Amino acid sequence: MRLSKTFIKTLREAPKDEVAKNSAFLTRAGYIHKEMAGVYDYLPLGLLVIENIKSVVREELNKLGCQELLMSALQNPAPWEKSGRFSNQEVDIWFKTELSSGGVLGLAPTHEEPITEMMKSYISSYKDLPLYVYQFQTKFRNEFRAKSGILRGREFLMKDLYSFHASEEDLDDFYAKVEKAYANIYKRLGIGDCTYETFASGGIFSKFSHEFQTVLPIGEDEIYYNTDKSVVLNKEVYNDEVLEELGAKGQKFETANAVEVGNIFKLKFKYSEPLGLKFIDENNKPQTVYMGCYGIGVSRLMGVIAEKFADEKGLVWPEVVAPFKYYLVGIGDKGTEEAEKFYAGREDEILFDDRDKRPGEKFADSELMGIPFRVVISDKTLEEDSAEITDRKTGESWRVKLDELFEG
Ligand code: ATP
Ligand code: MG
């Protein structure tokens, strides 16, 4: 991408109301634009990051045989009334709206009810099970406080996966596979060593759920972990009874702030029962479908990765999520000419700073935007037939011969 052809403008300073590190840098670097508190637009660079995160999640879920679909944001109240969750007393973060012809609609904060209702059209026999479906979809939640930049939005992007099973054992098996897939996802996104699978409360139908918590000072959650980090709990379930159950009573625990980047639940019959999702088993008997649900905060993850790795100069993206691998700068007539040659055919990999600006400004923007490698081709580097590469993370620079640069 040629920077001269984009509408992106970097800012020297973050807007006053952008206090969180993630959104301050993401705004300054031209990745996001704020509509209002808790509501952000994703600009071309930001969208590339979101798509890269989605690709990693998609790959890991497709390996498990999950099928991708896309459900509506507008919600018919009927299935939600069956579970009791359309009530504002039960769920206090609803956005609701009205049809011009009369009647109330909801804006989906999650999708358990509509997916359960929908599957009544597609699941009838044990032969239809198991089934795993997921989507990347915009959720709406009327969060009382939207702070922490894109970590807590009133409109945000979630990956939600739902699984349907004929037996509890099958649900347990699949749940264990998702736990592994999630660990892979966070590892591939570069936050594996600071993201912990955490025991958390599971509502009324399962004792626990598992959250995936990334340790960060900005985190609104508090986690407790033992010395070897084999037992990690959310503060809300850190009590003697639970510690006893986990065989961790008497152990020493430390605490840290963390951000919830995923949450998985064994729902069992929680929604299939009230909504009447059944299948006919091998003995021709009707049975209720077992369900699980598995969320990942996709836009929140972008904020977590930004927040985690940023330094005083700006963003520092791991290569998998970076919008581009290289930030290219040509200096001088010859340098610019060679830079054009390097750029040709690599438009998806290179963010080419061909703007009419001083090298110093370009370097500062390359650091602010957090592109993994800066490539500078100047009349000086050309004296050695080479380009200079700088690693954004370490700040290290080295020379590479032009013919190797064009090969690599
Ligand atoms: P929180 O406790 O942070 O409000 P939650 O437990 O209500 O989150 P879930 O219903 O478990 O959220 O949603 C699945 C995932 O979606 C969460 O693990 C989180 O990563 C993400 N998420 C939830 N709420 C938001 C939000 N307001 N903005 C951005 N991401 C969110
Ligand atoms: Mg949760």
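Before reading further, recall that the structure is shown in the block above.
Just so you know, these numbers come straight off a predicted model, no measurement behind them.

## Digging into helix α1 (residues 21-28)
Taken across its eight residues, α1 has seven buried, putting it largely inside the fold. All of the buried residues in α1 are Asn 22, Ser 23, Ala 24, Phe 25, Leu 26, Thr 27 and Arg 28. For α1, the elements touching its buried residues are β1 (32-36), β2 (39-42), α8 (298-309) and α10 (359-369). Residue Gly 30 follows α1 closely and has a positive phi angle near 80°.

## Here we look at the sheet that holds strand β21 (residues 397-401)
If you walk across this open sheet you meet the five strands as β18-β17-β19-β20-β21, and the pairing is mixed. The open sheet is flanked by β18 (350-352) and β21, the only strands paired with a single partner. On average, adjacent strands in this sheet sit at an angle of 30° to one another, irrespective of strand direction. One ladder, built from five bridges, connects strand β20 (residues 386-391) with β21; its direction is antiparallel. Residue pairing across strands places Ser 386 opposite Lys 401, the latter belonging to β21. Against the sheet, helix α9 (residues 332-343) contacts β17 (326-331), β18 and β19 (373-378), and its axis sits at roughly 150° relative to β17. Relative to the sheet, α10 contacts β17, β18 and β19, its axis offset from that of β17 by approximately 180°.

## A closer look at the site of ligand 1
Near ligand 1 lie 13 residues; those nearest to it are Arg 141, Glu 143, Arg 152, Gly 153 and Glu 260. Within the backbone of Gly 262, one N or O atom sits 3.5 Å away from an oxygen atom of ligand 1. Between ligand 1 and the protein, one listed contact pairs an oxygen atom with a side-chain N or O atom of Asn 263 at 3.3 Å. Elements supplying a minimum of two residues to the shell around ligand 1: β8 (155-165) and β13 (253-268). The element that contributes the greatest number of residues to the shell around ligand 1 is β13, accounting for four residues.

## Re the coordination of the magnesium ion (ligand 2)
Within the protein, the atoms that donate to the magnesium ion (ligand 2) are Glu 260 (OE) and Asn 263 (OD1), at distances of 2.2 to 2.3 Å. Given the relative accessible area of 23%, Glu 260 is considered partly exposed.

## Some remarks on the sheet that holds strand β5 (residues 95-98)
With respect to topology, three strands assemble into an open sheet ordered β4-β6-β5, the strand pairing being antiparallel. Pairing within the sheet leaves two strands with one partner each, and these edge strands are β4 (74-75) and β5. For β4 and strand β6 (residues 104-107), the ladder comprises two bridges, and the chain directions are antiparallel. Residue pairing in the sheet places Gln 75 in a bridge with Gly 106 of β6.

Cut-offs applied
- Residues numbered from 1 in each chain as written.
- Chains lettered and ligands numbered in written order.
- Predicted model: local features only at pLDDT ≥ 70, side-chain atom pairs only at ≥ 80, totals over all residues.
- Heavy atoms only, no water.
- Buried < 20%, exposed > 50% of the residue type's maximum accessible area, 1.4 Å probe, protein only.
- Helix = DSSP H or I, 4+ residues; strand = E, 2+ residues; numbered from the N terminus.
- Contact = heavy atoms within 4.5 Å.
- Pairing = 2+ DSSP bridges.
- Axes fitted to C-alpha atoms, helices over the stretch in contact; angles between N-to-C directions.
- Near = heavy atom within 4 Å.
- Polar contact = N/O pair within 3.5 Å; in protein donor to acceptor, adjacent residues only side chain to side chain.
- Donors = N, O, S within 2.8 Å, 3.2 Å for Na, K, Ca; no water.

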